[in-house]
Amino acid sequence: MVEIDYEKLKFKAGLEIHQQLDSHKLFCECPSVLRKDKPTLVIRRKLHPVAGESGEVDVAALYQSSLNRVYEYQAYDTTCLVELDEEPPHMINQEALKIALQISLLLNCKIIPISQIMRKTVIDGSNTSGFQRTVLIARGGFVETSFGRVGIRYVYLEEDAARIVGENVFRLDRLGIPLVEIVTAPDAKNPIQLKETALKIGEILRSCKVKRGIGTIRQDVNISIMGGNRVEIKGMQDMDIFLKVIENEVLRQKKLLDSGNLVGMETRTAQKDGSTKYTRPLPGAARMYPETDLPLLKISRDFINEVKKSLPKSKTEVRKELSEKGLSSEMIKLLFKQNKLEQFKELLKIVNKPNLVAKMILIYPKEISKHLKIDLDVVEKRLEERFSDVLQKVAEGKISESQIKPALESIVLGKEPEFESVDLGEVEEKIQKLIKEKPGLSEKAYMGLIMKELRGKVSGKEVIEIIRRCL
Amino acid sequence: MEAQSGDYVEVQLAKEIYRGVLLESPEPGIVLLKLDSGYNIGFKKKDLLGVKVIERFEKRKEKKFVLRRDPSKSDIAMILTGGTIASRYDPRTGGVDPLDNLENLFKFYPEIFEKVNVAKISAPFMKPSEEMDWRDWKTIARVVCDFLNDPSIKGVVITHGTDTLHYTSAALSFFLRDLNKPVVLTYSQRSVDRASSDANLNLQCAALMAISDVAEVMIVGHASLNDDFCYAMPGTKVRKLHSSKRDAFKVVNSSPLARVFTDRVEILSGFRKRSKGKVRLDAKFEDKVALVKIYPGQDPDILDFYLDKGYKGIVLEVFGLGHLPSFRSRANWARKLKQVIKKGLVVCAAAQTIYGRLDPFVYSTGRDLLKTGMIYLEDMLSETAFVKLGWVLGHKEWAKDMESVRAKMLENFAKELNPRLS
């Protein structure tokens, strides 16, 4: 690999992170769910050029419109007239506002007490209204990195756009899902610092109520080197290729400049192989004007204080809590490393056995992957949504703890696990009967007899517990 | 140097300094600042330690606008009266201002000018339609009349707020006698500053209808949520039936006159043909008329109030086939109606159900009420009935006795009655 002297190149880079919040839509009460089924209603619309504040028609807007496109919008029973642009927006979603404020405070930002919800002109069809609603809620924060602070310029709360599902066809399920947009200052002096910044922000986001999974976070990187223009790279949410893409982009820019060419002000998209692909010229500042259908957004001292009280705990605090619950430090480390804290907490609600749940989500997938010779990613994907089902069975006493792993294995293989229903109550009856029939034996002896009958269906640990209770 | 809205300023607060364009705020005690990023934020006036002007607002010199007239296209006239369709957002004040000249009109709706020449334009007043009354209907009718009697003008398009648009369309339907050319009212439900505004299609379709052969007063607007075609709807048989949707206006107890695309008109029902004659203005109006909705248990003594206040006529929006609380009820309207009608108050009945025709003969309540002398207005919309009653009573020769009023109220002047409902 080529050694790059980032300092000498006057490398400048910043991040723009869009993260969906886990709440209903920002300006209506519709649930934030994505649909795969057939729409219940399809409508066709045209967008036309609008004269800007100074009277001129936006050039980019005019270009798009001159194509005289007809956009098709797919609506569902989970969308309403607001997404169809047939009803004014409702009051801003207070839960989403609260989450966005939490994130802002964790990023050390100052909250803007009075702000105006704006309409940002978007004329590519992805918004039925022709604009995206967005509001500046905080500014002037920072995150600490091992190379020093990286500034957080702005935090915005905005609505997501409709999903494109075909040529000029948009699905309204995503339109209106609340997003926070975080814009950092171009303070990162090298790619590693930038990656560290992204990870730090990601960690803060995930400590709050945000959506998880593919498509719920979108990360863009802005890069420039001495003598060149700013280039925006979209699709940088994959942290595995993050450094490679930046290195490649810096080399691309350097090569252009070294050979006397210009670096275009452009948007590029990160590719899986670590390269980038030209997408379009960098858009100019979008036209913004107020959302006149809504009052000014005022964030009171009281509301901020309330949010401050409800801030999610720091890593150190969480670590302490988990350790008090009896989770080994090894497991705690893995939980953070694999970023499964939220999942862990959720599953713990079903069966309150921290070590069991941790083992189930942290260790078993690896063992299964090794045993079945299937990629860990694949195993995890197949299991992600199923852990709760299996635990539920444990909670109901329908399967024993020892059956968890075999059950997960069959799920990975695409087979629905079949459980011989072993009721722990029945096991207890059996044990009591045995003790009555053959009194005076040792724990171990009873254990041996029972396990002979029930091996694989119930764990030795469970049996010994029952025997001790009965004796 | 006092900072004014539009100026680029530096705002000094206790701990921070912001720069941006100073804007007026919709709320007193608050000033807004447009930051360089385009976002607006607000400050309480009392928190400002100082405001320094960096650059004064400079009004752009707007180029004189010359509209080229295309001799291959027909000339129409436009009347702007206010409402969403004729408003533009003013970035300096943060308010919404009327769009009252050709230049602004062209900026927002260039496509209408591809279909017709907007040869004349008039803005007699600018108000949201909820603030209009019968005097405004008269004013509009007068301007329309002048335009229609100008041989160079092929038709008239009127832009109007939506809230009371169907009252105005009914009024024009009665006020303009011997109609010779199309009179098209149109609107928008979505503000014109957005790329998705329904005004664009509505205006294009309105322009096409204005040069058609349909010499009727009509409302042209979205037929559905799609931006594909509009309906031309008869002015006395149309009602706003949704508070926010693009297709808020629906024909009631009749059918649309035409389906209007941006490039063609498909006629759907019979219409009055364009003619060479002159239109006659007959805008006499008695404003002592009222429209009252009946509700269960309502006290009929409310009629005394109207009588005391000098009202000449009243339209009651009645239940079902034409019913009111009557002889079996604690509030006996039949007796009261008899009294007030005897004293000279004209009382008409229109359907609260919106759709359908009144028929007092089906139930005994109806037959009882019929004896009071109340005029049953068949399938006439209550809003149309209210306008028509004012118009009829405005004519002294018609208002001379109850029987003549009844005859005029039941005479079909502008398709307000439809004997054949389907």
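Each residue is numbered by its place in its chain's sequence as written, counting from 1. Just so you know, chain letters begin at A and ligand numbers begin at 1, following the order they were written in. Owing to the predicted nature of the model, reporting of local features is limited to residues with pLDDT of at least 70; listing and counting of side-chain atom pairs is limited to 80 or more, with chain, interface and lining totals taken over all residues.

Draft legend 1. Region of the structure containing the overall build of chain B. Strands here mean DSSP runs of E at least two residues long; helices mean DSSP runs of H or I at least four residues long; both are numbered from the N terminus. From N to C terminus, chain B includes 10 helices and 23 strands. Projecting the C-alpha coordinates of chain B onto the three principal axes gives extents of approximately 80 × 60 × 40 Å. A buried classification covers 48% of the 422 residues belonging to chain B. Excluding contacts between residues fewer than 6 apart, the proportion of contacts in chain B whose partners are at least 24 apart in sequence is 69%. To sort residues by exposure, count the other C-beta atoms lying within 10 Å of each residue's C-beta; 20 or more gives buried, 12 or fewer gives exposed, and values between give partly exposed, all with C-beta atoms placed from the backbone. Any two residues are considered in contact once their C-beta atoms, placed from the backbone, lie within 7 Å.

Draft legend 2. Layout of the overall build of chain A. Along chain A, the regular secondary structure elements total 15 helices and 17 strands. Taking the principal axes of the C-alpha coordinates as reference, chain A spans close to 95 × 55 × 45 Å. Going through the 471 residues of chain A one by one, you find that 36% of them count as buried. Long-range pairs, those at least 24 residues apart, make up 69% of the contacts in chain A with a sequence separation of at least 6.

Draft legend 3. Quick look at the interface of chain A and chain B. If you look at the interface, chain A gives 36 residues, while chain B gives 29 residues. For the side of chain A that touches chain B, the secondary-structure elements that each account for two or more residues are β2 (41–45), β5 (114–115), β7 (131–145) and β16 (288–290) of chain A. Nonpolar residues are Ala, Val, Leu, Ile, Met, Phe, Trp, Tyr, Cys and Pro. Charged residues are Asp, Glu, Lys and Arg, and all others, Gly as well, are polar. Here the residues of the side of chain A that touches chain B are counted per class, giving 20 nonpolar, 9 polar and 7 charged. One ladder, built from 2 bridges, connects β5 of chain A with strand β4 (residues 40–44) of chain B; its direction is antiparallel. Among the inter-strand pairings, Ile114 of chain A is bridged to a residue of β4 of chain B, identified as Gly42 of chain B. Two strands are said to pair when DSSP picks up at least two bridges between them.

Draft legend 4. Representation of the sheet that holds strand β6 (residues 75–80) of chain B. Residue and element names in this part refer to chain B. Spatial strand order, β9-β6-β10-β12-β13-β14-β17-β18: 8 strands in an open sheet with mixed pairing. The sheet is open, and its two edges are formed by β9 (117–122) and β18 (265–267), each paired on a single side. Neighbour to neighbour, the strand axes of the sheet diverge by 25° on average, direction disregarded. Pairing analysis gives 5 bridges linking β6 to strand β10 (residues 155–159), with the strands arranged parallel. Across the sheet, Ile76 pairs through a bridge with Gly155, a residue of β10. Its contacts with the sheet put helix α3 (residues 165–175) on β12 (183–186) and β13 (217–222), and the angle it makes with β13 is roughly 150°. Inter-axis angles, ranging from 0 to 180 degrees, are taken between N-to-C directions of lines fitted to C-alpha atoms, where helices are fitted over the stretch in contact.

Draft legend 5. Spatial organisation of the domain arrangement of chain A. Each assigned domain of chain A is listed with its residue range as follows: domain 1 (12–290), domain 2 (313–412) and domain 3 (424–470). A domain assignment, automatic or from a database, supplies the domain bounds used here. Once you take the C-alpha centre of each, domain 1 of chain A and domain 3 of chain A turn out to be 60 Å apart.

Draft legend 6. Focus on the packing of helix α7 (residues 329–337) of chain A against helix α9 (residues 354–372) of chain A. All names here are of chain A. In contact at an axis separation of 11 Å, α7 and α9 are set at 45° when each is read in the N-to-C sense. It follows from the interaxial angle that α7 and α9 lie oblique. Handedness of the crossing formed by α7 with α9: left-handed. The segment α7 lies against α9, with Met331, Leu334 and Leu335 engaging Asn355, Ala358 and Leu362. Its residues placed into classes, the contact of α7 with α9 shows 5 nonpolar, 1 polar and no charged. Any angle from 65 to 115 degrees is called roughly perpendicular, while one under 35 is roughly parallel, one over 145 is roughly antiparallel, and all others are oblique. Working rule for handedness: look at the near helix, and if it is turned counterclockwise from the far one by less than a right angle, call the crossing left-handed; if clockwise, right-handed.

Draft legend 7. Here's a closer look at the confidence of the model for chain B. Mean pLDDT over chain B: 93, with 97% of residues reaching 70 or higher. In the model output, the complex is listed with pTM 0.81 alongside ipTM 0.91. pLDDT is a residue-level measure of predictor confidence that goes from 0 to 100.

Draft legend 8. Seen up close, the environment of Leu434 of chain A. Residue and element names in this part refer to chain A. The topology assignment puts Leu434 in helix α13 (residues 424–437). Classification of Leu434 by C-beta neighbours within 10 Å gives partly exposed; the count is 18. Remark: the alpha-carbon pair of Leu434 and Thr121, spanning 313 residues in sequence, is separated by 77 Å. In this structure, Leu434 is in contact with Tyr446, Leu449 and Ile450, ignoring residues within four places of it in sequence.

Draft legend 9. Here's a closer look at the pairing of strand β8 (residues 148–159) of chain A. All names here are of chain A. As paired elements, β7 and β8 share 10 bridges and run antiparallel to each other. Along β8, the bridge assignment pairs Ala138 with Val155. Where β7 folds back onto β8 in an antiparallel hairpin, the turn is made up of 2 residues. When β8 meets strand β11 (residues 178–184), the two strands line up antiparallel, connected through 7 bridges. Considered in β11, the bridge of Ile152 is made with Thr184.

Draft legend 10. View of the confidence of the model for chain A. When pLDDT is averaged across chain A, the result is 88; 93% of the residues are at 70 or more. For chain A, per-element mean pLDDT is lowest for helix α1 (residues 59–66) of chain A, which scores 52, and highest for β11 of chain A, which scores 98.

Draft legend 11. Region of the structure containing the environment of Thr269 of chain A. Residues and elements named next belong to chain A. Structurally, Thr269 is set in strand β14 (residues 266–270). The exposure class assigned to Thr269 is partly exposed, which follows from the 17 C-beta atoms found within 10 Å. In this structure the C-alpha to C-alpha distance between Thr269 and Val143, which are 126 residues apart in sequence, comes to 26 Å. Thr269 has contacts with Lys234, Gly235, Thr276, Lys277 and Thr279, leaving out every residue within four places of it along the chain.

Draft legend 12. Summary view of the pairing of β6 of chain B. Residues and elements named next belong to chain B. Across the 6 residues that make up β6, a large majority, 5, are buried. For β6 and β9, the ladder comprises 5 bridges, and the chain directions are parallel. Bridge pairing links Ile79 to Ser122 in β9.

Draft legend 13. Geometry of the sheet that holds strand β10 (residues 169–171) of chain A. Residue and element names in this part refer to chain A. Strand order across the open sheet formed by 4 strands is β2-β3-β10-β9, with mixed pairing between neighbours. A strand with exactly one partner marks an edge of an open sheet, and here the two such strands are β2 and β9 (163–166). Pairwise comparison of adjacent strand axes, ignoring direction, gives a mean angle of 30° for this sheet. The pairing of strand β3 (residues 71–75) with β10 spans 3 bridges and is parallel. Within β10, the position partnered with Glu72 by the bridge is Val169.

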